Amino acid sequence: MKPIGPIPPAFSGQQGELEIGGIPVSELAERAGRTPFFVYDLDLATAQVERFRAALPAEIHLHFAVKANPHPSVIQHLMDKTDGLDMASGGELERVRDCGADMAHVSFAGPGKRDPELELAISLGATLNLESETEAERALAIGHRLGVTPRLAVRVNPDFELKGSGMSMGGGAKPFGVDQERVPALVEHILGKGADWRGFHIYSGSQSLDADAISESQEASIALAAKLALAIGEAPKSVNLGGGFGIPYTANDTPLDVEAVGARLSEALAGRDPILADTQFMIELGRWLIGEAGVYIARILDRKMSKGALFLVTDGGMHHHLAASGNFGMVMKRNYPVAIASHMDGEAVEEATVVGPLCTPLDRLAADIAVPRAEIGDYVAVFASGAYGLSASPVNFLSHPTAAEIVVKGGKITK
Ligand SMILES: *Cc1c(COP(=O)(O)O)cnc(C)c1O
């Protein structure tokens, strides 16, 4: 038998049929119109924002990284609760524009921005996090042609990385950002061209549960920002310290101590170089804000035995939820938090492997887990599914229908 990941506190300990935002799964399924579906409980996202505000220094701005979950209701909700939004494509930029986002607090990072994407960002007044010298030239030329002063920040590829992060995005040779030693010359160049230089973006990794590692990376980022500013001779208006706050997915993961991160960041900010005295610092988070607020619900289509092993075959799988199947940047396959949503408190009486409908052995939602007796028609829940779920999955693979997405807020359902 293999352990499952920790069921988030909002759902663990429930009895009988799982409820999300106080609404039973069967009712959610009826409203979704089909299974499988993702449901996002926005009140849980609000609670995360509130926890961040209580734990982190008041001067820190919180941004939502839209790539974690680009559902329009999620964007709308987190746009209202946070101080800004971070984009990773022109498509995301169009989405947040359509949600009515304040472009003064929208930034756009990504190593391969096409001219139409740069044009859209500049004409809307979003801040471009420049990833190279050639991208800077293209942005300056587009600004000139449009008659708009572009808002430009420089994404720095720092010499350090976020240790122990699920995905490292700094340190050594990287496609992201400009190597730190070339940043002063680039900033001097864009200042000389009359651009509105916003500051630095220093993003060093993702999915870390290690408070010390996050603190070290934040301290190193503040020190690096000061060093670069002194070399340039001008203070950055803003410094984006990145994010990287992780959530527990598998049995050995323990939640991040954000209060500890906040305490150390307060100290680091208090002791910062005077050149950064008036700089606005921000942290950009995706997964930590919305990950635990999402649940993926599938339905059991079949229960079958093979050579003594029980398989629960569901209508959901890796085509909607690549990460839960262990195929999205995971080194090793471990079980996500999963439960038979029809019998949350049912006593475990058998061992099962939960698979999806795809003709590939990769399509597995949980392996060798202890479950209560589960019948055809019962619901299966995969927790911690609010970030990098549907939008990070190969929905066209095998041409099965896509998953529905619904949102609950204040005990009410919206699509
Ligand atoms: C992906 C990404 C994020 C969000 O990462 P999470 O792990 O979801 O918090 C933030 N900033 C940048 C630049 C990213 O690429």
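Residues numbered from 1 in each chain as written. Predicted model: local features only at pLDDT ≥ 70, side-chain atom pairs only at ≥ 80, totals over all residues. Heavy atoms only, no water.

Overview of the packing of aromatic side chains
- Counted by the stated rule, this structure contains eight aromatic pairs.
- Ring pairing ties together the aromatic residues Phe38, Tyr40 and Tyr296, which thus form one cluster.
- Lysine 113 extends its terminal NZ or CZ atom over the ring of phenylalanine 108, reaching a point 5.5 Å from the ring centre. (Phe/Tyr/Trp six-rings, centres within 6.5 Å; stacked < 30°, edge-to-face > 60°. Lys NZ or Arg CZ within 6 Å of the ring centre and 35° of its normal.)

A closer look at the site of the ligand
- Residues in close proximity to the ligand total eleven residues, the closest being Lys67, Ser206, Glu284, Arg287 and Tyr388.
- Between serine 206 and the ligand, the recorded distance is 2.6 Å, taken from a side-chain N or O atom to an oxygen atom.
- Within the contact set of the ligand, an oxygen atom lies 2.9 Å away from a backbone nitrogen or oxygen of glycine 286.
- Here the ligand, which alone exposes 390 Å², has 92% of that area covered by the protein. (Near = heavy atom within 4 Å. Polar contact = N/O pair within 3.5 Å; in protein donor to acceptor, adjacent residues only side chain to side chain. Areas by Shrake-Rupley, 256 points an atom, 1.4 Å probe, with all protein chains shown as cover.)

Some details on the side chain of asparagine 335
- Mapped onto the secondary structure, asparagine 335 falls in the loop between strand E16 (309–314) and strand E17 (338–340).
- Since its relative accessible area comes to 4%, asparagine 335 is described here as buried.
- In this structure the side chain of asparagine 335 is engaged in a polar contact, spanning 3.3 Å, whose partner is the backbone oxygen of proline 3.
- Here the side chain of asparagine 335 touches alanine 367 through a polar contact of 2.7 Å, landing on its backbone nitrogen.
- Setting aside chain neighbours within four positions, we find asparagine 335 in contact with Lys2, Pro3, Ile4, Gly5, Tyr249, Thr250, Ala366, Ala367 and Ile369. (Helix = DSSP H or I, 4+ residues; strand = E, 2+ residues; numbered from the N terminus. Buried < 20%, exposed > 50% of the residue type's maximum accessible area, 1.4 Å probe, protein only. Contact = heavy atoms within 4.5 Å.)

Points about the packing of helix H4 (residues 90–98) against helix H5 (residues 115–124)
- Interhelical geometry of H4 versus H5 gives an angle of 30° and a closest axis separation of 9 Å. Between H4 and H5, the crossing angle belongs to the class labelled roughly parallel. Where H4 crosses over H5, the handedness of that crossing is left-handed. On the side of H4, the interface is formed by Gly90, Leu93, Glu94 and Arg97, while H5 contributes Glu117, Leu120, Ala121 and Leu124.
- Of the residues that constitute the contact of H4 with H5, the class distribution is four nonpolar, one polar and three charged. (Axes fitted to C-alpha atoms, helices over the stretch in contact; angles between N-to-C directions. Parallel < 35°, antiparallel > 145°, perpendicular 65-115°, else oblique. Left-handed = near helix turned anticlockwise from the far one by under 90°. Nonpolar A, V, L, I, M, F, W, Y, C, P; charged D, E, K, R; others polar.)

Notes on the domain arrangement of the chain
- In terms of domain boundaries, the chain breaks down into domain 1 (9–40 + 293–413) and domain 2 (70–285).
- Look at where the C-alpha atoms of domain 1 and domain 2 centre, and you get two points 34 Å apart.
- Of the residues lining the interface, eleven residues belong to domain 1; the matching set on domain 2 comes to ten residues.
- Interface area for domain 1 against domain 2, summed over the two sides, is near 900 Å², with a carbon-plus-sulfur share of 66%.
- For domain 1, the biggest contributors to the area lost against domain 2 are Arg334, Ala384 and Val407; these three give 33% of the whole.
- On inspection of domain 1 and its partner domain 2, the count reaches zero salt bridges.
- Applying the counting rule to domain 1 against domain 2 returns one residue pair in polar contact (both at pLDDT 80 or more).
- A total of three residues in the side of domain 1 that touches domain 2 trace back to one element, the largest contributor, which is strand E21 (residues 404–409). (Domains from an automatic or database assignment. Buried area = accessible area lost by both parts, 1.4 Å probe. Salt bridge = Lys/Arg side-chain N within 4 Å of Asp/Glu carboxyl O.)

Here's the deal with helix H1 (residues 25–32)
- Among the residues of H1, those classed as buried are Val25, Leu28, Ala29 and Ala32. Along the axis of H1, the buried residues cluster in a sector spanning 100°; they form a single face.
- Positioned one or two residues after H1, glycine 33 has a phi angle of 90°, which is positive. (Arc of directions from axis to C-beta.)

Brief notes about the pairing of strand E7 (residues 127–130)
- Alternating positions in E7 separate into two faces, Thr127 and Asn129 on one and Leu128 and Leu130 on the other, with burial throughout.
- You can see the chain leave strand E6 (residues 106–108), run along H5 and come back into E7, and the turn it takes is right-handed.
- Bridge analysis of E7 against strand E8 (residues 151–157) gives four bridges, and the strand direction is parallel. Within the sheet, the bridge partner assigned to leucine 128 lies in E8 and is leucine 152. (Right-handed = clockwise from strand over helix to strand, strands pointing away. Pairing = 2+ DSSP bridges.)

Section: the pairing of strand E5 (residues 84–87)
- Covered by surrounding structure in E5 are Gly84 and Asp86 together with Leu85 and Met87, the residues of both alternating faces.
- Bridging between strand E4 (residues 61–65) and E5 involves three bridges; their strand directions are parallel. Considered in E5, the bridge of phenylalanine 64 is made with leucine 85.
- Remark: the E4/helix H3 (residues 72–81)/E5 crossover connection has right-handed handedness.
- Where E5 lies against E6, three bridges are found, and the strand directions are parallel. Considered in E6, the bridge of methionine 87 is made with phenylalanine 108.
- Read as a crossover between parallel neighbours, the route from E5 over H4 to E6 is right-handed.

Brief notes about the nonpolar core
- In this structure, Leu85, Leu93, Val96, Ile190, Phe200, Phe245 and Ile290 are the most contacted members of the largest nonpolar core, which totals 105 residues.
- The dominant element in this core, judged by the number of residues it contributes, is helix H8 (residues 211–232), at ten residues.
- Here this core spans two domains, and each of domain 1 (9–40 + 293–413) and domain 2 (70–285) adds at least three residues to it.
- Setting aside anything within four residues of it in sequence, one finds isoleucine 190 in contact with Leu130, Ala136, Leu140, Leu152, Val154, Ala195 and Trp197. (Core = buried A, V, L, I, M, F, W, Y, C linked by side-chain atoms within 4.5 Å.)

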